[in-house]
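Listed here are the chains, written in short residue letters.
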Amino acid sequence: MIKLPPNSERAKKITEAIAYFISKDLQPYSVVENEGFQNLLSILEPRYVIPSRKYFTDGTAIPKLYSEVKEEVNETLSLAEGVAITCDGWSSRATESYMTITAHHITNEWQLLAHVLQTRAMHESYRGQCG
């Protein structure tokens, strides 16, 4: 069986979908090395060769997706007439504390958009105050 060239449109779309899956669902990069994941993809597209884990971390897949999303967020925020910024402290199931900053605005089509600008680990206790 002839493998898909990595630069073919089909292979690019699959690779982008994997990067989206990893990012959106907070999957570890190692998911591309998992037997079940590899089996799933081989059934869906037997000609596709999954790029290495390193391709997603150090390569272009996730950094490219990050750049695209960052540009989209910058563009939508630059078009907003007003932006509300919120912050929230929360704890993970492992009881690690985090702070998230989110920007909210309404588009010209009256659609409410929210963009997480940053989430950071908090090494001090959270007392319900932002700033």
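Since we're looking at a predicted model, the values are computed, not measured.

S.K.: Explain the overall build of the protein to me, using residue names and the numbers behind them.
M.R.: Counting secondary structure elements, the protein contains 4 helices and 3 strands. Each principal axis of the C-alpha distribution contributes one length, and for the protein these read about 60 × 40 × 25 Å. A total of 131 residues make up the protein; the buried ones form 24% of that total. Long-range contacts, defined here as pairs at least 24 residues apart, represent 38% of the contacts in the protein between residues at least 6 apart. Accessible surface, the protein as shown: approximately 10,000 Å² in total, 54% of it carbon and sulfur. Taken as two groups, the 13 positive and 16 negative side-chain charges of the protein have centres that lie 6 Å from each other.

S.K.: How would you sum up the packing of aromatic side chains? Please name residues and give values.
M.R.: Taken as a whole and judged by the stated rule, the model has 3 aromatic pairs. Aromatic pair W90 and Y98: ring centres 4.8 Å apart, planes at 25°, arrangement stacked.

S.K.: Explain the confidence of the model for the protein to me, and be specific about the residues and the numbers.
M.R.: Averaged over all residues, the pLDDT of the protein equals 90, while 93% of them reach at least 70. Within the protein, helix 3 (residues 53-57) has the poorest average pLDDT of any element, 88, and helix 2 (residues 35-44) the best, 96.

S.K.: So, the packing of helix 1 (residues 9-24) against helix 4 (residues 61-79): which residues are in play, and what are the values?
M.R.: Two numbers describe how helix 1 lies on helix 4: the axes approach to 9 Å, and their chain directions differ by 75°. As far as their axial angle goes, helix 4 and helix 1 are roughly perpendicular. Here E16, A19, Y20, I22 and S23 of helix 1 come into contact with helix 4, specifically with A61, I62, K64 and L65.

S.K.: Give a description of the sheet that holds strand 1 (residues 84-91) that names residues and reports values.
M.R.: Strand order in the open sheet formed by 3 strands is 1-2-3, with antiparallel pairing between adjacent strands. The strands lining the two open edges of the sheet, one partner per strand, are strand 1 and strand 3 (112-122). Strand-to-strand twist in this sheet, taken as the mean axis angle between neighbours without regard to direction, amounts to 20°. In this structure, strand 1 lies alongside strand 2 (residues 97-106), joined through 8 bridges in antiparallel fashion. By the bridge assignment, I85 is partnered in strand 2 with A103. Packed on one face of the sheet, helix 4 meets strand 2 and strand 3 and runs near 125° to strand 3.

Definitions and cut-offs
Residues numbered from 1 in each chain as written. Predicted model: local features only at pLDDT ≥ 70, side-chain atom pairs only at ≥ 80, totals over all residues. Heavy atoms only, no water. Helix = DSSP H or I, 4+ residues; strand = E, 2+ residues; numbered from the N terminus. Buried < 20%, exposed > 50% of the residue type's maximum accessible area, 1.4 Å probe, protein only. Contact = heavy atoms within 4.5 Å. Areas by Shrake-Rupley, 256 points an atom, 1.4 Å probe, with all protein chains shown as cover. Lys, Arg positive; Asp, Glu negative; His and termini not counted. Charge placed at Lys NZ, Arg CZ, Asp CG, Glu CD. Phe/Tyr/Trp six-rings, centres within 6.5 Å; stacked < 30°, edge-to-face > 60°. pLDDT = per-residue confidence, 0-100. Axes fitted to C-alpha atoms, helices over the stretch in contact; angles between N-to-C directions. Parallel < 35°, antiparallel > 145°, perpendicular 65-115°, else oblique. Pairing = 2+ DSSP bridges.

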